[in-house]
Amino acid sequence: MFERIMEAAMFNAGGAIGFYQGDTKLLVEDIKCLRPTIFPSVPRLYNKIYDKIMAGAMASPISAFLFRTALAAKERGMAKGYLQHGMW
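Residues numbered from 1 in each chain as written. Predicted model: local features only at pLDDT ≥ 70, side-chain atom pairs only at ≥ 80, totals over all residues. Heavy atoms only, no water.

### Section: the overall build of the protein
- Looking only at helices and strands, the protein has four helices and zero strands in total.
- Secondary structure elements in the protein, listed N-terminal to C-terminal, are α-α-α-α.
- Across its three principal axes, the protein shows a C-alpha extent of roughly 40 × 30 × 20 Å.
- Within the protein, the fraction of its 88 residues that count as buried is 10%.
- The long-range share in the protein, meaning contacts at least 24 apart out of those at least 6 apart in sequence, stands at 14%. (Helix = DSSP H or I, 4+ residues; strand = E, 2+ residues; numbered from the N terminus. Buried < 20%, exposed > 50% of the residue type's maximum accessible area, 1.4 Å probe, protein only. Contact = heavy atoms within 4.5 Å.)

Here it is, written out as structure tokens:
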């Protein structure tokens, strides 16, 4: 039911709709390709995406440092009302 409501809302707003390939292991690649503005899903999929991003970000000490620095800069900027950062 939720899927139908979201589809109707997107059609009504003139948005585009994309579907994943059917394999949750390829979901991150589908997201890269579709670049969704709205991504309604179940928490289990959000956790999978989060785990994959964190595994890549913490793969080496240098990437972990850069990730933490970028995240801290983004959080400080958002607290001040900025949505974009010149470098990150």
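Here the narrative resumes, following the displayed structure.
### Comments concerning the environment of Met58
- Along the chain, the position of Met58 falls in the loop between helix H3 (43–57) and helix H4 (61–79).
- Taking the C-alpha atoms as reference points, Met58 and Gln84, 26 residues apart in sequence, are found 23 Å from one another.
- Beyond its immediate chain neighbours, meaning those up to four positions away, Met58 contacts Ser63, Ala64, Phe67 and Arg68.

### Focus on the confidence of the model for the protein
- Per-residue confidence for the protein averages 86 on the pLDDT scale, and 99% of its residues sit at or above 70.
- Per-residue pLDDT, averaged within each element of the protein, yields its smallest value for helix H2 (residues 27–34) (84) and its largest for H4 (92). (pLDDT = per-residue confidence, 0-100.)

### Observations regarding unusual backbone geometry
- Even without a glycine there, the phi angle at Arg35 is positive, about 50°.
- One can find Arg35 in the loop between H2 and H3.
- Residue class for Arg35 comes out exposed when judged on its relative accessible area of 70%.

### Some words on the pattern of salt bridges
- Applying the stated criterion to the full structure yields one salt bridge.
- Linking Lys52 and Glu29 is a salt bridge whose minimum nitrogen-to-oxygen distance equals 3.9 Å. One end of the pair, Lys52, is in helix H3; the other, Glu29, is in helix H2, and 23 residues separate them in sequence. (Salt bridge = Lys/Arg side-chain N within 4 Å of Asp/Glu carboxyl O.)

### Section: the packing of aromatic side chains
- Inspection of every chain in the model, using the stated rule, returns one aromatic pair.
- Measuring from ring centre to ring centre gives 5.8 Å for Phe39 and Tyr46, while their planes differ by 70°; the resulting arrangement is edge-to-face.
- Residue Phe39 is classed as partly exposed on the basis of its relative accessible area, which comes to 27%.
- Owing to a relative accessible area of 38%, Tyr46 belongs among the partly exposed residues under this scheme. (Phe/Tyr/Trp six-rings, centres within 6.5 Å; stacked < 30°, edge-to-face > 60°.)

### Overview of the packing of H2 against H3
- Between H2 and H3, whose axes approach to 10 Å, the crossing angle comes to 90°. Judged by the angle between their axes, H2 and H3 are roughly perpendicular. Each of Leu27, Val28, Glu29 and Ile31 in H2 lies in contact with H3, whose residues at this interface are Leu45, Ile49 and Lys52.
- Among the residues making up the contact of H2 with H3, the classes are represented as five nonpolar, no polar and two charged. (Axes fitted to C-alpha atoms, helices over the stretch in contact; angles between N-to-C directions. Parallel < 35°, antiparallel > 145°, perpendicular 65-115°, else oblique. Nonpolar A, V, L, I, M, F, W, Y, C, P; charged D, E, K, R; others polar.)

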